[in-house]
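Results of the structural survey
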Amino acid sequence: MKTKHQLDAADVKAMATAAEAEALKNQWNVTIAIVDDGGHLLWLQRLDGAPAISAHIAPAKAHTAALGRRESKVYEDVINQGRTSFLSAPQLQGMLEGGVPVMKDGQCIGAVGVSGVKSSEDAQIARAGIAALGL
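The sections below set out a description of the structure shown in this document.

Calculation notes
- Residues numbered from 1 in each chain as written.
- Predicted model: local features only at pLDDT ≥ 70, side-chain atom pairs only at ≥ 80, totals over all residues.
- Heavy atoms only, no water.
- Helix = DSSP H or I, 4+ residues; strand = E, 2+ residues; numbered from the N terminus.
- Rg over C-alpha atoms; globule rule 2.2 N^0.38 Å.
- Buried < 20%, exposed > 50% of the residue type's maximum accessible area, 1.4 Å probe, protein only.
- Areas by Shrake-Rupley, 256 points an atom, 1.4 Å probe, with all protein chains shown as cover.
- Lys, Arg positive; Asp, Glu negative; His and termini not counted.
- Charge placed at Lys NZ, Arg CZ, Asp CG, Glu CD.
- Core = buried A, V, L, I, M, F, W, Y, C linked by side-chain atoms within 4.5 Å.
- Contact = heavy atoms within 4.5 Å.

**Considerations on the overall build of the protein**
Each helix and strand counted, the protein has four helices and four strands in total. Listed N to C, the secondary structure of the protein is α-β-β-α-α-β-β-α in terms of helices and strands. Against the globule reference of 14 Å for 135 residues, the protein gives a C-alpha radius of gyration of 14 Å, in line with a compact fold. In terms of overall dimensions, the protein has a C-alpha envelope of 45 × 40 × 20 Å along the principal axes. The buried share among the 135 residues of the protein stands at 44%. In the form shown here, the protein has an accessible surface area of approximately 7200 Å², with 51% of it arising from carbon and sulfur atoms. For the protein, the distance from the average position of its 13 positive side-chain charges to the average position of its 14 negative side-chain charges is 5 Å.

Here it is, written out as C-alpha coordinates:
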(Lines give C-alpha, C1' and ligand atoms only; values in the text may rest on other atoms or scores of the structure.)
Protein backbone atom coordinates (compact mmCIF):
# COMPACT_ATOMS: atom_id res chain seq x y z
CA MET A 1 0.00 0.00 0.00
CA LYS A 2 1.29 3.47 -0.88
CA THR A 3 1.42 6.52 1.33
CA LYS A 4 -0.26 9.63 -0.06
CA HIS A 5 0.78 13.12 0.99
CA GLN A 6 -1.93 15.73 1.46
CA LEU A 7 -2.21 19.37 2.38
CA ASP A 8 -3.26 20.08 5.95
CA ALA A 9 -4.76 23.26 7.38
CA ALA A 10 -1.35 24.61 8.40
CA ASP A 11 -0.01 24.10 4.86
CA VAL A 12 -2.99 25.91 3.38
CA LYS A 13 -2.64 28.84 5.79
CA ALA A 14 1.11 29.10 5.11
CA MET A 15 0.56 29.18 1.34
CA ALA A 16 -2.27 31.68 1.65
CA THR A 17 -0.20 33.97 3.87
CA ALA A 18 2.79 33.88 1.51
CA ALA A 19 0.63 34.43 -1.58
CA GLU A 20 -1.15 37.34 0.08
CA ALA A 21 2.20 38.87 1.10
CA GLU A 22 3.45 38.66 -2.51
CA ALA A 23 0.28 40.31 -3.78
CA LEU A 24 0.35 43.09 -1.19
CA LYS A 25 4.08 43.71 -1.73
CA ASN A 26 3.31 44.43 -5.38
CA GLN A 27 0.00 46.22 -4.67
CA TRP A 28 -1.93 43.65 -6.70
CA ASN A 29 -5.62 43.22 -5.91
CA VAL A 30 -6.29 39.53 -6.52
CA THR A 31 -8.25 36.50 -5.43
CA ILE A 32 -6.26 33.52 -4.14
CA ALA A 33 -7.70 30.00 -4.27
CA ILE A 34 -6.15 26.81 -2.90
CA VAL A 35 -7.52 23.36 -3.74
CA ASP A 36 -6.67 19.77 -2.86
CA ASP A 37 -5.50 17.19 -5.39
CA GLY A 38 -9.08 16.61 -6.57
CA GLY A 39 -9.66 20.30 -7.20
CA HIS A 40 -11.86 20.78 -4.12
CA LEU A 41 -11.68 24.26 -2.62
CA LEU A 42 -9.75 24.57 0.63
CA TRP A 43 -9.20 28.35 0.68
CA LEU A 44 -10.61 31.39 -1.09
CA GLN A 45 -9.48 34.92 -0.33
CA ARG A 46 -10.51 37.99 -2.30
CA LEU A 47 -8.27 40.93 -1.44
CA ASP A 48 -9.75 44.40 -1.25
CA GLY A 49 -10.21 45.84 -4.72
CA ALA A 50 -9.99 42.49 -6.54
CA PRO A 51 -12.46 42.21 -9.44
CA ALA A 52 -15.61 40.26 -8.59
CA ILE A 53 -15.04 37.84 -11.48
CA SER A 54 -11.66 36.88 -10.02
CA ALA A 55 -13.52 34.98 -7.27
CA HIS A 56 -14.69 32.59 -10.00
CA ILE A 57 -11.54 32.54 -12.13
CA ALA A 58 -8.99 31.81 -9.37
CA PRO A 59 -10.68 28.59 -8.17
CA ALA A 60 -11.14 27.48 -11.80
CA LYS A 61 -7.41 27.96 -12.47
CA ALA A 62 -6.51 26.03 -9.31
CA HIS A 63 -8.96 23.24 -10.17
CA THR A 64 -7.50 22.91 -13.67
CA ALA A 65 -3.91 22.82 -12.35
CA ALA A 66 -4.78 20.15 -9.77
CA LEU A 67 -6.70 17.86 -12.11
CA GLY A 68 -4.17 18.25 -14.92
CA ARG A 69 -1.15 18.00 -12.61
CA ARG A 70 0.45 20.87 -14.54
CA GLU A 71 0.30 24.64 -14.71
CA SER A 72 -2.88 25.97 -16.28
CA LYS A 73 -0.72 27.97 -18.69
CA VAL A 74 0.00 24.71 -20.56
CA TYR A 75 -3.64 24.59 -21.64
CA GLU A 76 -3.71 28.27 -22.54
CA ASP A 77 -0.67 27.72 -24.78
CA VAL A 78 -2.28 24.69 -26.49
CA ILE A 79 -5.37 26.75 -27.29
CA ASN A 80 -3.38 29.79 -28.41
CA GLN A 81 -1.37 27.58 -30.76
CA GLY A 82 -4.57 26.76 -32.62
CA ARG A 83 -6.02 23.70 -30.94
CA THR A 84 -9.28 25.42 -30.07
CA SER A 85 -11.08 22.08 -29.83
CA PHE A 86 -9.33 21.71 -26.47
CA LEU A 87 -11.84 24.23 -25.10
CA SER A 88 -14.29 21.31 -24.96
CA ALA A 89 -12.12 19.32 -22.51
CA PRO A 90 -14.36 18.20 -19.64
CA GLN A 91 -13.96 19.69 -16.16
CA LEU A 92 -11.28 22.18 -17.22
CA GLN A 93 -12.64 25.70 -17.00
CA GLY A 94 -9.63 27.72 -15.87
CA MET A 95 -7.37 27.33 -18.88
CA LEU A 96 -5.53 30.59 -18.28
CA GLU A 97 -2.11 31.16 -16.74
CA GLY A 98 -2.22 31.53 -12.97
CA GLY A 99 -2.95 28.00 -11.75
CA VAL A 100 0.07 26.16 -10.34
CA PRO A 101 0.07 22.61 -8.96
CA VAL A 102 1.61 21.80 -5.59
CA MET A 103 3.94 18.85 -6.19
CA LYS A 104 5.50 16.62 -3.52
CA ASP A 105 7.69 13.65 -4.45
CA GLY A 106 6.38 13.76 -8.01
CA GLN A 107 2.73 13.70 -6.93
CA CYS A 108 0.22 16.52 -7.11
CA ILE A 109 -1.19 17.28 -3.66
CA GLY A 110 -3.13 20.42 -4.59
CA ALA A 111 -2.88 23.67 -6.48
CA VAL A 112 -2.99 27.43 -6.10
CA GLY A 113 -4.94 29.62 -8.49
CA VAL A 114 -4.77 33.41 -8.61
CA SER A 115 -6.73 35.95 -10.63
CA GLY A 116 -6.87 39.72 -10.77
CA VAL A 117 -3.75 41.02 -12.49
CA LYS A 118 -1.70 39.96 -15.54
CA SER A 119 -1.63 36.19 -15.87
CA SER A 120 2.14 36.02 -15.38
CA GLU A 121 1.74 38.03 -12.16
CA ASP A 122 -1.06 35.72 -11.04
CA ALA A 123 1.34 32.78 -11.50
CA GLN A 124 4.07 34.65 -9.61
CA ILE A 125 1.75 35.01 -6.61
CA ALA A 126 0.75 31.34 -6.79
CA ARG A 127 4.40 30.23 -6.89
CA ALA A 128 5.22 32.46 -3.91
CA GLY A 129 2.49 30.72 -1.96
CA ILE A 130 3.77 27.26 -2.84
CA ALA A 131 7.36 28.30 -1.98
CA ALA A 132 6.21 28.74 1.63
CA LEU A 133 6.05 24.94 1.88
CA GLY A 134 9.69 24.58 0.86
CA LEU A 135 8.87 22.14 -1.91
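**A few points about the nonpolar core**
In terms of nonpolar packing, the biggest core is built from 19 residues, with Val30 and Val112 touching the most fellow members. Among the elements of the structure, helix H1 (9-25), strand E1 (31-36), strand E3 (99-104), strand E4 (107-115) and helix H4 (119-131) are those that each provide at least two residues to this core. The element best represented in this core is H1, accounting for five residues. Setting aside chain neighbours within four positions, we find Val112 in contact with Met15, Ile32, Ala33, Ile34, Ala62, Gly98, Gly99, Val100, Val102, Ala126 and Ile130.

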